[in-house]
Number of protein chains: 2
Amino acid sequence: MKVVKIALLGFGTVSQGAFNLLKDNYELITNRTNVDVQVTKIFVRNPDKYSHITLPAHTTYVTDVNDVLQDDSIDMVVELMGGTTFAKDCVEQALKSGKNVVTANKDLMAEAGPYLLDLASKNNVDLRFEASVLGGIPIIRTLYDSLGGNKITELVGIMNGTTNFILSKMTDEGLGYEEVLKEAQELGYAEADPTADVEGLDAARKLAILASISFNRRIFFEDVTVEGITKIDKTDIAYGKDFGYNIKLLGIAKETNKGLSLNVYPAFVPIQHPLAAVRGSYNAIYIKGNGIDDAMFYGRGAGSLPTGSSVVSDIMEVAKNIDYNATGRLKPFYFDQKNIYAPGKIESSYYIRLVVDNKIGVLAKIASKMAEQKISVLSVAQRNDHPDKAILAVVTSKCPRSYILNLIDSFNSLRSVQKVSSVIRIMED
Amino acid sequence: MKVVKIALLGFGTVSQGAFNLLKDNYELITNRTNVDVQVTKIFVRNPDKYSHITLPAHTTYVTDVNDVLQDDSIDMVVELMGGTTFAKDCVEQALKSGKNVVTANKDLMAEAGPYLLDLASKNNVDLRFEASVLGGIPIIRTLYDSLGGNKITELVGIMNGTTNFILSKMTDEGLGYEEVLKEAQELGYAEADPTADVEGLDAARKLAILASISFNRRIFFEDVTVEGITKIDKTDIAYGKDFGYNIKLLGIAKETNKGLSLNVYPAFVPIQHPLAAVRGSYNAIYIKGNGIDDAMFYGRGAGSLPTGSSVVSDIMEVAKNIDYNATGRLKPFYFDQKNIYAPGKIESSYYIRLVVDNKIGVLAKIASKMAEQKISVLSVAQRNDHPDKAILAVVTSKCPRSYILNLIDSFNSLRSVQKVSSVIRIMED
């Protein structure tokens, strides 16, 4: 049986998850691949930090990365350090010296994925990155292989566990954003500085990677229009529930006849849609294609073992390729011309919440402003529990965002409108 | 660019779906595989039947299958005829003569999958069968590759669209089984003889194929204990809703410390479980593994283009393997000893509906019979809308099926129990 020797760069949560699966499922993995995968080196800065972990006899820590990169016996480098400078240097060097690479580095793949895939292909080695997005959900391989014969028309994902945890808890328990964020931080679900998650930046990076594969174009983080969840109010969540919606932070890539639109924003998802049932820290990707019609892939978007599972599946694939002399087969799919469609032009239904004077005739004024903009009312809910003001929530027909911005201006021009409190998109069913 | 020549055997719904995707997505598929896939022959009994379909110049109908099997220019045979006799002969001959095979034939793979996979492996060619189960959902490849590093502990699926359509409609519209079955037959969702679907036989065949891959053992249809949906009553569905459950026909393979249990039966799924949201003719597979924790794969379980999409993804994979001289790599995973665990011993919560006398003290008698069997009551609902009888629905704690059978005997021995109407398992959350 062929022995394939691998080195792990970094030994944090995901690396230990992959290491443990390779150890605990050794017999299974060997039987399935017909290859003996051995971790021979683990590169870390300070091995003392890991003295509580027992390594097999054939595994040693190294503190100089050149002990990996210049070791000809190592067939595969598994980069699990994160970051885009030192990690990028290591991956580049590994590929150039004919070593296969597996990485879980989202930032690296979002920034330099196309370049690195080209480099791997030129050097006839594999570069696999299943674990770089959505942890345990096998979405990269699914897009490349299983759905490869489909023209993908739309990809919608709940791609960030922190925000889904926060929004689910706000929905289930009727709590406010700040309160739930604080709890998420205490539980370790949110970082001390939660910006990357709650402002949608993390989701936008994942969307860029997935859209690049799905739509055969080089998409970067900068191409995605991003809006976070910090302004979502529990009042809106309650109204949404009454209208039959759950609030979710969505990453959406959609092919239109005018180009590809790429957005991250919070939206109301109709409760009968499978994405509406994705709760807590789970992630899911919903895909439409001209063959499959629609499909959804759901699971753990993070965590030591789930993400480790994706790393191990890549290691197994590369090990089999090495055994069959068939590495270097994963070509980047960047043959289509890139054209991004401005999000202002995308049509959607909208939920709008207003604070208005508690007077007869206000609804009529609101409705006539909508009629002037050629927008119809799909649903309306009004609560008059205060002598001076009433809350009015409306769901509009589908229209471009620019119409909605005009509508809001015209609402603001009405003396009986005290405030336009919220404007939230509604996902198409 | 390498040209890979393929022949389709049969030109029914799925075959035409695959053919149309290969044609409509030709540029995409060629770019993604870097191979020019050409359908050169289509074997049919009567080409006149397809005179309305325009074929490309390089494609011809043949009415003798030997024109395919003995044609050395054909690299890949795509078997889409169905059946287990002639189809099996064709697949065997193709593999033996060094041709790669793609099939969508569930019955063939359930009956002879292990043998045919061995045969392919011996002849260094590929045998792919993604489309043989669950139409457009890419589950075979996911189990083989993406989750390959996981010890799968449980696989639960909604694997039959006909029964899910029927149960969803009964649930949504409060209709009875016979009424909905008739409508499903009129709409073409159910066959004139619906036995294979409604008695769970189709689901059992799919479960056998999926369990074979997931649990590394040769599992056959006969190993699965099967119960259909014909006895499901709309009254039970209504009670289930009140308790927070949706009824589904589930295929369940579960590793226990005493062996593998394999069952198809209708069960109540807690509404917060992702499988509960799988509606209408959709299918889904929910999987637990020691790496991924849990994941779900959802989509169209049938249909011309969705199933065609799975056929095309296999064709693309095989075409790339041919281009890289890397065929024959998909080994069957049958290295574990087979031990099936008797379903009578599997623990579950149960829903039991009784018709009892409308008298004081009946609930106390029921409860004491349960206490005697060491089964506790998780929920209870009683409706007394008739002078002589009352309906009592109870949800039990988890216990082996044998306890429940004893409990039902003891209920039947009570004079105040008129009838035990229904006994339905509850899926573990």
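For clarity, every value in this text was computed on a predicted model and none was experimentally measured. (Residues numbered from 1 in each chain as written. Chains lettered and ligands numbered in written order. Predicted model: local features only at pLDDT ≥ 70, side-chain atom pairs only at ≥ 80, totals over all residues. Heavy atoms only, no water.)

Student: Whenever I open this one, the overall build of chain A confuses me. Can you help?
Tutor: Per the secondary structure count, chain A includes 14 helices and 17 strands. Once the C-alpha set of chain A is aligned to its principal axes, its extents read approximately 80 × 45 × 35 Å. With 429 residues in all, chain A has 61% of them scored as buried. Contacts spanning at least 24 positions in sequence make up 74% of the contacts within chain A whose residues lie at least 6 apart. (Helix = DSSP H or I, 4+ residues; strand = E, 2+ residues; numbered from the N terminus. Buried < 20%, exposed > 50% of the residue type's maximum accessible area, 1.4 Å probe, protein only. Contact = heavy atoms within 4.5 Å.)

Student: Is there a simple way to explain the UniProt feature "domain: ACT" (unreviewed entry) in chain A in this structure?
Tutor: Under the local residue numbering, the UniProt record ascribes the feature "domain: ACT" (unreviewed entry) to residues 351–425 of chain A. As annotated, residues 351–425 of chain A comprises 31% helix and 44% strand, and the C-alpha atoms at either end are separated by 6 Å. (UniProt positions renumbered as here; feature names shortened; annotations may be inferred.)

Student: What's the story with the environment of Asp48(B) in this structure? I'm lost.
Tutor: Residues and elements named next belong to chain B. For Asp-48, the location among the structural elements is in the loop between β2 (35–43) and β3 (60–62). Judged by its relative accessible area of 63%, Asp-48 falls in the exposed class. When the C-alpha positions of Asp-48 and Tyr-61 are compared, they lie 9.8 Å apart, and in sequence the two are 13 residues distant.

Student: Which parts of the structure should I look at to understand the interface of chain A and chain B?
Tutor: With 55 residues of chain A in contact, the opposing surface of chain B contributes 55 residues. Of the roughly 4800 Å² buried where chain A meets chain B, counting both sides, 49% is carbon and sulfur surface. Counting across the chain A and chain B interface gives 6 salt bridges. Where chain A touches chain B, the interface holds 26 residue pairs in polar contact (both at pLDDT 80 or more). Residue assignment for the side of chain A that touches chain B shows that the elements contributing at least two residues are α1 (13–24), α2 (26–33), α6 (139–146), α10 (201–214), β12 (293–300) and α12 (304–323) of chain A. When residues in the side of chain A that touches chain B are grouped by element, the largest group, 9 residues, is from α12(A). (Buried area = accessible area lost by both parts, 1.4 Å probe. Salt bridge = Lys/Arg side-chain N within 4 Å of Asp/Glu carboxyl O. Polar contact = N/O pair within 3.5 Å; in protein donor to acceptor, adjacent residues only side chain to side chain.)

Student: How should the relation of the copies chain A and chain B be read in this particular structure?
Tutor: Each of the two chain copies can be brought onto the other by rotation about an axis and movement along it. Once chain A has been moved 0.0 Å along the axis and rotated by 180 degrees, it coincides with chain B to within an RMSD of 0.1 Å. Within this description, the copies of the chain are treated as partners about a two-fold rotation axis. Taking C-alpha positions as the reference, the residue of chain A nearest the rotation axis is Phe297(A), at 2.4 Å. Comparing interface residues between copies, 100% of those in chain A also sit at the interface in chain B, which points to an isologous, same-surface contact. (Least-squares fit on C-alpha atoms with pLDDT ≥ 70 in both.)

Student: Just checking my understanding: could you explain unusual backbone geometry for this structure?
Tutor: Negative phi characterises most residues that are not glycine, and trans characterises most peptide bonds. Residue and element names in this part refer to chain B. Even without a glycine there, the phi angle at Asn-34 is positive, about 60 degrees. Structurally, Asn-34 is set in the loop between α2 (26–33) and β2. The partly exposed category is assigned to Asn-34, whose relative accessible area is 41%. One non-glycine residue, Asn-216, adopts positive backbone phi at about 60 degrees. The residue Asn-216 is located in the loop between α10 (201–215) and β8 (225–226) in this model. Look at Asn-216 and you get buried, because its relative accessible area is 4%.

Student: What exactly am I supposed to notice about the side chain of Asp357(B) here?
Tutor: Residues and elements named next belong to chain B. Mapped onto the secondary structure, Asp-357 falls in strand β13 (residues 347–357). Assessed through its relative accessible area of 14%, Asp-357 is described here as buried. Among residues more than four places away in sequence, those in contact with Asp-357 are Val-362, Asp-388, Lys-389, Ala-390, Arg-415, Ser-416 and Gln-418.

Student: Explain the packing of helix α4 (residues 86–96) of chain B against helix α5 (residues 106–122) of chain B to me, please; I cannot follow it from the model alone.
Tutor: Two quantities define a packed helix pair, namely the angle between the axes and the distance from one axis to the other. Residue and element names in this part refer to chain B. Their axes nearest at 10 Å, the elements α4 and α5 cross at an angle of 10 degrees. Taken as axis vectors, α4 and α5 run roughly parallel relative to one another. Between α4 and α5, the residues in contact are Ala-87, Lys-88, Val-91, Glu-92, Leu-95 and Lys-96 and Leu-108, Ala-112, Tyr-115, Leu-116, Leu-119 and Ala-120, respectively. Its residues placed into classes, the contact of α4 with α5 shows 9 nonpolar, no polar and 3 charged. (Axes fitted to C-alpha atoms, helices over the stretch in contact; angles between N-to-C directions. Parallel < 35°, antiparallel > 145°, perpendicular 65-115°, else oblique. Nonpolar A, V, L, I, M, F, W, Y, C, P; charged D, E, K, R; others polar.)

Student: Explain the nonpolar core to me, please; I cannot follow it from the model alone.
Tutor: Soluble globular proteins: nonpolar side chains tend toward being buried together. One finds Ile139(A) and Ile139(B) to be the most contacted residues of the largest nonpolar core, which totals 164 residues. If one sorts the elements of this core by residue count, α10(B) sits on top with 9 residues. When residues no more than four places from it in sequence are discounted, the contact partners of Ile139(B) are Glu130(B), Val133(B), Leu134(B), Leu210(B), Ile285(B), Ile287(B) and Phe297(B). Ranked by size, the runner-up nonpolar core spans 32 residues in total, among them Val156(A), Ile158(A), Val269(A) and Ile158(B). (Core = buried A, V, L, I, M, F, W, Y, C linked by side-chain atoms within 4.5 Å.)

Student: Mind showing me how you'd approach the pattern of salt bridges here?
Tutor: Two side chains that carry opposite charge are able to pair once their charged atoms sit near each other. All names here are of chain A. Applying the stated criterion across every chain, the model contains 46 salt bridges over all chains. Lys-41 is the salt-bridge partner of Asp-71, the closest N and O atoms lying 2.8 Å from each other. With Asp-71 in the loop between α3 (66–69) and β4 (76–79) and Lys-41 in strand β2 (residues 35–43), the pair connects residues that are 30 residues apart, well separated along the chain. Judged on exposure class, the residue Asp-71 and its partner Lys-41 are both buried.

Student: Before we go on, may I ask you to explain the sheet that holds β2(A) in this structure?
Tutor: Strands pair in a sheet through their backbones, by hydrogen bonds, and they do so in one of two ways: parallel or antiparallel. Residue and element names in this part refer to chain A. Read across the sheet, 6 strands follow the order β3-β2-β1-β4-β5-β6 without closing on themselves; strand pairing throughout is parallel. Of all the strands in the sheet, just β3 (60–62) and β6 (127–128) have a single pairing partner and so form its edges. Sheet contacts for α1: β1 (2–9) and β2; angle to β2, the most-contacted strand, approximately 145 degrees. (Pairing = 2+ DSSP bridges.)

Student: Would you mind going over the pairing of strand β14 (residues 377–383) of chain A with me for this structure?
Tutor: Residues in a regular strand point their side chains to alternate faces of the sheet. All names here are of chain A. In terms of strand pairing, β14 meets strand β15 (residues 389–396) through 6 bridges, oriented antiparallel. Its bridge partner lying in β15, Ala-381 is registered against Ala-393. With antiparallel pairing between neighbouring strands as the criterion, β14 and β15 make up a hairpin whose turn holds 5 residues.

Student: Would you take a moment to explain the domain arrangement of chain A for this structure?
Tutor: Residue and element names in this part refer to chain A. Domain annotation of chain A identifies domain 1 (2–136 + 303–323), domain 2 (140–300) and domain 3 (346–426). Between domain 2 and domain 3, the C-alpha centre-to-centre distance is 26 Å. On the domain 3 side, the residues contacting the 16 residues of domain 2 number 15 residues. Among the residues of domain 2 in contact with domain 3, Tyr-239, Phe-243 and Phe-268 are the three that bury the most area, contributing 44% of the side total. At the boundary of domain 2 with domain 3, the tally comes to 4 salt bridges. A salt bridge links Asp-236 to Arg-353; the shortest N-O distance between them is 2.5 Å. Run the count over domain 2 and domain 3 and you get 6 residue pairs in polar contact (both at pLDDT 80 or more). Sorting the residues of the side of domain 2 that touches domain 3 by element identifies α11 (234–243), β9 (245–256) and β10 (259–270) as the ones contributing at least two each. Considering every element that reaches the side of domain 2 that touches domain 3, the biggest residue donor is β10, with 6 residues. The class makeup of the residues in the side of domain 2 that touches domain 3 is 9 nonpolar, 3 polar and 4 charged. (Domains from an automatic or database assignment.)

Student: Please clarify how the packing of aromatic side chains should be interpreted in this entry.
Tutor: The relative placement of two aromatic rings is captured by the distance of their centres and the angle of their planes. Within this structure, the stated rule accounts for 23 aromatic pairs over all chains. Relative to Phe86(A), the ring of Phe43(A) has its centre 6.0 Å away and its plane inclined at 45 degrees; by these criteria the two rings are tilted. Here Phe43(A), found in strand β2, pairs with Phe86(A), found in helix α4 (residues 86–96); they are 43 residues apart in sequence, far enough to count as distant. Under the relative-accessibility criterion, Phe43(A) is labelled buried at 3%. With relative accessibility at 29%, the residue Phe86(A) sits in the partly exposed group. When the ring of Phe129(B) is compared with that of Tyr144(B), the centres are 6.4 Å apart and the planes differ by 85 degrees; the resulting orientation is edge-to-face. Residue Phe129(B) is found in the loop between β6 (127–128) and α6 (139–146), and its partner Tyr144(B) is found in helix α6; the two are separated by 15 residues along the sequence. For the pair Phe129(B) and Tyr144(B), a shared accessibility class is recorded, and that class is buried. A network of ring pairs unites the aromatic residues Phe11(A), Phe19(A), Tyr50(A) and Tyr61(A) as a single cluster. Directly above the aromatic system of Phe86(A) lies the positively charged group of Arg45(A), at a separation of 4.9 Å from the ring centroid. (Phe/Tyr/Trp six-rings, centres within 6.5 Å; stacked < 30°, edge-to-face > 60°. Lys NZ or Arg CZ within 6 Å of the ring centre and 35° of its normal.)

Student: Explanation requested: the packing of helix α13 (residues 362–372) of chain A against helix α14 (residues 401–412) of chain A in the structure shown.
Tutor: All names here are of chain A. In the contact formed by α13 and α14, the axes pass within 10 Å of each other and the chain directions differ by 145 degrees. α14 is crossed by α13, and the crossing has right-handed handedness. On α14, the residues touching Ile-366, Lys-369 and Met-370 of α13 are Leu-407, Ser-410 and Phe-411. The residue inventory of the contact of α13 with α14, partitioned by class, reads 4 nonpolar, 1 polar and 1 charged. (Left-handed = near helix turned anticlockwise from the far one by under 90°.)

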